[in-house]
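Structure at a glance
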There are 2 protein chains.
Amino acid sequence: MSDEPVKYVLPESEIPTHWVNLMPDLPGDPSPPLNPGTGEPAGPDDLTPIFPMGLIQQEVATDPEVEIPDEVRDVYKRWRPSPLFRARRLERALDTPAHIYYKYEGGSPAGSHKPNSAVPQAYENKKAGVRRLATETGAGQWGSALALACSLFDLDCVVYMVGASYDQKPYRRSMMETWGATVHRSPSDTTEAGRTHVEHQSGSLGIAISEAVEVAAGDSETNYALGSVLNHVCMHQTVIGQEAMRQMEMAGEEPDIVIGCVGGGSNFAGLSFPFVRRRLRGESEARFLAAEPAACPTLTRGVYRYDFGDTAGMTPLLAMYTLGHEFVPPPIHAGGLRYHGDAPIVSGLVRAGLIDAVAYRQNETFEAAVRFARTEGILPAPEPAHAIRAVIAEAESARESGEERVILFGLCGHGHFDMSAYDAYLSGTLEDIEFSEAEMEAALERLPEAPALA
Amino acid sequence: MSDEPVKYVLPESEIPTHWVNLMPDLPGDPSPPLNPGTGEPAGPDDLTPIFPMGLIQQEVATDPEVEIPDEVRDVYKRWRPSPLFRARRLERALDTPAHIYYKYEGGSPAGSHKPNSAVPQAYENKKAGVRRLATETGAGQWGSALALACSLFDLDCVVYMVGASYDQKPYRRSMMETWGATVHRSPSDTTEAGRTHVEHQSGSLGIAISEAVEVAAGDSETNYALGSVLNHVCMHQTVIGQEAMRQMEMAGEEPDIVIGCVGGGSNFAGLSFPFVRRRLRGESEARFLAAEPAACPTLTRGVYRYDFGDTAGMTPLLAMYTLGHEFVPPPIHAGGLRYHGDAPIVSGLVRAGLIDAVAYRQNETFEAAVRFARTEGILPAPEPAHAIRAVIAEAESARESGEERVILFGLCGHGHFDMSAYDAYLSGTLEDIEFSEAEMEAALERLPEAPALA
């Protein structure tokens, strides 16, 4: 074999023992979630109807690290540590002096990073005596991860799947059902929130969240599980970045830039937060770049503002970049990125100038995805294809400046369930669906009353 | 974490340096391939129109081990060594004293074991100056593996995909196209063999092979690549069994029985041959069990006889169990197992009583697959679901006899492209398609003239 490593693998003993909680590192005063009724900071009591205390404690934790329960690490062992790859073939194809690394999460049974949070969420709910979990899913990655985790912890699972994805990705539904979950097309007629938004037939993550929250709030044996946005979800995903940090050490390099796609933000948080902590502590100069779809450009076009996490306005108000909770993103194939807001921590770091953001259209992201598949072999999901598009831009700029830049990005899932999108791209029928400025402006006019943010 | 390992992982340095060639170990006189025109043993010259000399040398190799080229090991590094799992959750669900291990090949970029042979085949053809490879594919696993390998070695690729699978698994086609291959539905109108068998609209591997061989034989810059059956393909897959042997040593156990599904036989060969060698050398008492579909029961219902490898009768005659080269298997979802014959080496070992065979129907295999997915998490392809069905039977018999039996089986691919089949099973519409005895008998009447086998 050549002595050029392409893959960095850690032993099972290196699965992190703790999650990274970035809360205590954040610059400035925190902007806590607010109870929409009182305008006061939402406390644990606002969350107990839908979350178990174990997760609420993680959500509001102030320790820099939170221990991972043994039962969760035992399940992580099934696919973790995940591999880090050096994209040598892509580097050569781009003729760039940049060194490109990617952390690949597609090897989990659900094919994405989502089980990293689904497993601890199912575990904490099981421990609390809950019988069933309700959730939403966009492209189906979170829903299938939760269905998997529920089957491993013997919980029932009901999933509200965004209509556009339900139609585009029928096999994700079958996957959830194979793991024993019940799947509804959202908006559905099983909830008030669904019946109210029946005119948005393509659905949105915001509507699907409202449906799942409504089901959980109305049944004492059912809790809700969210696949992104919240602090505890971002925290669960930091196993990715911690492993990547060890693997970059094996490679003898430090990333100059960390790139990930952002929908709700948990994938981006998971890879970047351990590196962001280093930067905040003055131990690195790394840059951070969030790649999002031009059809749902929350970080590049949204406002930084308190808003609801769901469309029906059932959640606490979150401090975040938002296009307005009533904004319904167009039905792009990267269903996991069709969310009107972003994780508060990620939003705060963008606001503070620590994370940059860039938006790309469907065709240019699929062009990047096909280029990646044909050089590196792995066929990426449409969501991380946004990150790949940004990586190619960085690598090309490194070529122009002659810089040996070290790029690390998150390849958070494979695209085996997204072949209809590839089909559309390859046959020239994929649309660069336009972002509707008018719809965003209308949605921004319907933002809830809340204190302004700095 | 608990100290019960569920996964055994090898470092990159443990990727095998050699393939296992079982030929010199086989009992009795060899039954070589025959030239159908002369009835004489087919020599390398019979193969040069469609194979490069590097692969022909591997096909007829008599050394017990054949070195793996560095360029091939460099590509193997992308997903090898593959993990070995202990199925502790399945064991508990079955309440069995058996210890169940599985070697998982679904982590390759194509989602199956097939790239283990596609890569060395593409490499040897590239080295020989070939411009394009033509092949057949059933469920799409071999075709996508070859498309991947061709993209990595910069070769053109044309794939004849069995009609039934082309219709059932459109996304496998998109996957091949994403890697740059051209895909035809077989029987197609692009070849004489396809036009002759146009009445078999569901197609078969035998017809698709004829089409691909015809294309390769008619174009000096195009070679043919076969995904199973031949000695060199079985040999390439032995990286699986060699790694599994090391991993079983890590677990401190020896398999009492090795189980795999059999279509053409390369998956079964890959896992079992290193263990078969031990048995033939008197170093183990392990049993071997081949699981096949009741709808295409070559090993359990076929005759041991010289027959063509393809439907049109273009290949040398192979000594194997066959249902007759004109037998067209019904369109079951395990497309990779729809082949009228079996690898000559596997067939010879079945004939010699070293390998047992068992056949299962679609519904019982999917029942086993769902049970596996809900306990172990990984969602199996329909092909290895046959092996899982056999494993459950073995584990249940171990429970009845109170034996601590050690079972090793091959989980040769994930089922992410087979969700329509799961859908049919879960909704109760999956058919136990019948094997047609009349069709087999008719096909057996049309076997070619050839010497009888012992």
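Residues numbered from 1 in each chain as written. Chains lettered and ligands numbered in written order. Predicted model: local features only at pLDDT ≥ 70, side-chain atom pairs only at ≥ 80, totals over all residues. Heavy atoms only, no water.

**Notes on the overall build of chain A**
The helix and strand inventory of chain A stands at 19 helices and 15 strands. Taking 2.2 N^0.38 as the reference for a compact globule, 454 residues should give roughly 22 Å; the C-alpha atoms of chain A span a radius of gyration of 20 Å, in line with that estimate. If one aligns the C-alpha atoms of chain A with their principal axes, the spans along those axes are about 60 × 50 × 45 Å. Per-residue burial over chain A gives 65% buried out of 454 residues. Sequence-distant contacts, at least 24 apart, represent 76% of the contacts inside chain A between residues at least 6 apart. In the structure as shown, chain A presents an accessible area of about 14,400 Å², 47% of it carried by carbon and sulfur atoms. With 37 positive and 64 negative side-chain charges, chain A shows a separation of 5 Å between the mean positions of the two kinds. (Helix = DSSP H or I, 4+ residues; strand = E, 2+ residues; numbered from the N terminus. Rg over C-alpha atoms; globule rule 2.2 N^0.38 Å. Buried < 20%, exposed > 50% of the residue type's maximum accessible area, 1.4 Å probe, protein only. Contact = heavy atoms within 4.5 Å. Areas by Shrake-Rupley, 256 points an atom, 1.4 Å probe, with all protein chains shown as cover. Lys, Arg positive; Asp, Glu negative; His and termini not counted. Charge placed at Lys NZ, Arg CZ, Asp CG, Glu CD.)

**With respect to the sheet that holds strand β8 (residues 182–186) of chain A**
All names here are of chain A. Spatial ordering of the open sheet is given by β8-β7-β6-β9, a layout of four strands whose pairing is parallel. Each end of this open sheet is capped by a strand with a single partner; those strands are β8 and β9 (222–224). In this sheet, neighbouring strand axes are inclined to one another by 25° on average, regardless of whether the strands run parallel or antiparallel. In this structure, strand β7 (residues 156–162) lies alongside β8, joined through five bridges in parallel fashion. (Pairing = 2+ DSSP bridges. Axes fitted to C-alpha atoms, helices over the stretch in contact; angles between N-to-C directions.)

**Concerning helix α12 (residues 238–251) of chain B**
Residues and elements named next belong to chain B. The terminal C-alpha atoms of α12, which comprises 14 residues, lie 20 Å apart, in line with the 20 Å expected from a rise of 1.5 Å per residue. Buried residues dominate α12, accounting for 11 of its 14 residues. Looking only at α12, the buried set comprises Thr238, Val239, Ile240, Gly241, Gln242, Glu243, Ala244, Met245, Gln247, Met248 and Ala251. Glycine 252 occupies a position one or two residues after α12 and carries a positive phi of about 75°. (Expected span 1.5 Å × (residues − 1).)

**Brief notes about the state of the cysteines**
Residues and elements named next belong to chain B. Scanning the entire structure with this criterion turns up zero disulfides over all chains. Residue cysteine 150 stays outside any disulfide, its sulfur separated by 4.0 Å from that of cysteine 157, the closest cysteine. Cysteine 150 gets classed as buried once you look at its relative accessible area, which sits at 1%. A disulfide-free cysteine, cysteine 296 has its sulfur positioned 12 Å from the sulfur of cysteine 261, the nearest such atom. Judged by relative accessible area, cysteine 296 falls into the buried class, the value being 2%. (Disulfide = S-S within 2.5 Å.)

**Regarding the sheet that holds strand β9 (residues 222–224) of chain B**
Residues and elements named next belong to chain B. Strand order in the open sheet formed by four strands is β8-β7-β6-β9, with parallel pairing between adjacent strands. The two strands at the open ends of the sheet, each matched to only one other strand, are β8 (182–186) and β9. With direction set aside, neighbouring strand axes in the sheet form an average angle of 25°. Against the sheet, helix α8 (residues 170–178) engages β6 (132–137), β7 (156–162) and β8, with an angle of about 170° to β7.

**Here we look at the relation of the copies chain B and chain A**
With an axial shift of 0.0 Å and an RMSD of 0.0 Å, the rotation relating chain B to chain A amounts to 180°. Overall, the copies show the geometry of a two-fold rotation axis. Rotation axis and chain B: the residue whose C-alpha lies nearest the axis is glycine 107 of chain B, separated from it by 3.0 Å. Taken together, the interface assignments show that 100% of the residues at the interface of chain B recur at the interface of chain A, consistent with an identical surface on both copies. (Least-squares fit on C-alpha atoms with pLDDT ≥ 70 in both.)

**With respect to the interface of chain B and chain A**
The interface of chain B with chain A comprises 48 residues on the first partner and 48 residues on the second. Both sides of the chain B and chain A interface together cover about 4,500 Å² of buried area, and 53% of this is carbon and sulfur. Seen at the junction of chain B and chain A, the total is four salt bridges. One salt bridge connects aspartate 423 of chain A with arginine 173 of chain B, and the closest N-O pair in it is separated by 3.3 Å. (Buried area = accessible area lost by both parts, 1.4 Å probe. Salt bridge = Lys/Arg side-chain N within 4 Å of Asp/Glu carboxyl O.)

**Regarding the side chain of arginine 338 of chain A**
All names here are of chain A. Tracing the backbone through its elements, the reader meets arginine 338 in the loop between β13 (317–322) and α15 (344–351). No salt bridge forms around the buried arginine 338; measuring N to O, its nearest opposite-charge neighbour glutamate 439 is 8.8 Å away. In terms of polar contacts, arginine 338 uses its side chain to reach the backbone carbonyl oxygen of glycine 203, at 3.0 Å. What arginine 338 contacts, discounting residues up to four positions off in sequence, is Val162, Ala164, Ser202, Gly203, Ser204, Leu205, Cys296, Val328, Pro329, Pro330, Pro331 and Ile332. (Polar contact = N/O pair within 3.5 Å; in protein donor to acceptor, adjacent residues only side chain to side chain.)

**Examining unusual backbone geometry**
Residues and elements named next belong to chain A. Between serine 186 and the following residue, proline 187, the backbone shows a cis peptide bond with an omega angle of 5°. With respect to the helices, strands and loops of the structure, proline 187 is situated in the loop between β8 and α9 (192–196). Backbone geometry at aspartate 95 places phi at a positive 50°, although glycine is not the residue there. Of note, aspartate 95 is situated in the loop between α4 (88–94) and β5 (99–104). For aspartate 95, a relative accessible area of 57% translates into the label exposed.

**Section: the packing of aromatic side chains**
The final tally for this structure, using the stated rule, is 27 aromatic pairs over all chains. A centroid spacing of 6.0 Å and a plane angle of 80° characterise the contact between phenylalanine 372 of chain B and phenylalanine 409 of chain B, whose relative ring orientation is edge-to-face. With phenylalanine 372 of chain B in helix α16 (residues 362–376) and phenylalanine 409 of chain B in strand β15 (residues 406–411), the pair connects residues that are 37 residues apart, well separated along the chain. Across the pair, phenylalanine 409 of chain B and phenylalanine 372 of chain B agree in class, each one buried. An aromatic cluster of at least three residues, connected via ring pairs, comprises Phe85, Tyr102, Tyr104, Phe372 and Phe409 of chain A. (Phe/Tyr/Trp six-rings, centres within 6.5 Å; stacked < 30°, edge-to-face > 60°.)

**Remarks on the nonpolar core**
The nonpolar side chains of a soluble globular protein tend to be buried with one another. With 177 residues, the main nonpolar core has Phe273 and Leu408 of chain A together with Phe273 and Leu408 of chain B as its most contacted residues. The element contributing the most residues to this core is helix α6 (residues 141–153) of chain B, with nine residues. Beyond its immediate sequence surroundings of up to four residues, leucine 408 of chain A is in contact with Leu84, Tyr101, Lys103, Ala244, Met248, Pro255, Ile257, Val258, Ile259, Leu271 and Phe275 of chain A. (Core = buried A, V, L, I, M, F, W, Y, C linked by side-chain atoms within 4.5 Å.)

**Description of the side chain of threonine 178 of chain A**
Inspection of the secondary structure puts threonine 178 of chain A in helix α8 (residues 170–178). Ignoring any residue separated from it by four or fewer positions in sequence, one finds threonine 178 of chain A in contact with Val370, Ala373, Arg374, Leu379, Met419, Tyr422 and Leu426 of chain B.

**Thoughts on the packing of helix α12 (residues 238–251) of chain A against helix α13 (residues 266–280) of chain A**
Residues and elements named next belong to chain A. Running from N to C, α12 and α13 point in directions that differ by 60°, and their axes come no closer than 6 Å. The orientation of α12 with respect to α13, classified from their angle, is oblique. The crossing of α12 and α13 is right-handed. The segment α12 lies against α13, with Thr238, Ile240, Gly241, Gln242, Ala244, Met245 and Glu249 engaging Ala269, Gly270, Leu271, Phe273, Pro274, Phe275 and Arg278. (Parallel < 35°, antiparallel > 145°, perpendicular 65-115°, else oblique. Left-handed = near helix turned anticlockwise from the far one by under 90°.)

**Observations concerning the pattern of salt bridges**
Pairing is possible between side chains that carry opposite charge, provided their charged atoms lie close to one another. Counting across every chain of the model gives 60 salt bridges over all chains. Between arginine 80 of chain A and glutamate 243 of chain A there is a salt bridge, with the nearest N and O atoms lying 2.8 Å from each other. Of this pair, arginine 80 of chain A sits in the loop between α3 (70–76) and β4 (84–86) while glutamate 243 of chain A sits in helix α12, and the two are 163 residues apart along the sequence. By relative accessible area, which is 0% here, glutamate 243 of chain A ends up buried. Here aspartate 74 of chain B and lysine 77 of chain B are joined by a salt bridge, their closest N and O atoms 3.1 Å apart. Salt bridges here are not isolated pairs; linked through shared partners, they connect Glu14, Arg246, Glu249, Glu254 and Arg278 of chain A.

**Comments concerning the confidence of the model for chain A**
For chain A, mean pLDDT is 95; residues scoring 70 or higher make up 100% of the total. Interface predicted TM-score (ipTM) for the complex: 0.94; the corresponding pTM is 0.96. (pLDDT = per-residue confidence, 0-100.)

**Examining the pairing of β15 of chain B**
All names here are of chain B. Within β15, six of the six residues are buried, which leaves the element mostly enclosed by the surrounding structure. The pairing of strand β5 (residues 99–104) with β15 spans six bridges and is classified as parallel. Within β15, the residue paired with tyrosine 102 across the bridge is phenylalanine 409.

**Some remarks on the environment of phenylalanine 327 of chain A**
Residue and element names in this part refer to chain A. Summarising the element assignment, phenylalanine 327 is placed in the loop between β13 and α15. By relative accessible area, which is 2% here, phenylalanine 327 ends up buried. In this structure, the C-alpha to C-alpha distance between phenylalanine 327 and serine 112, residues 215 residues apart in sequence, is 26 Å. Leaving out residues up to four positions away in the same chain, phenylalanine 327 has contacts with Ala295, His340, Phe435, Ser436, Glu439, Met440 and Ala443.

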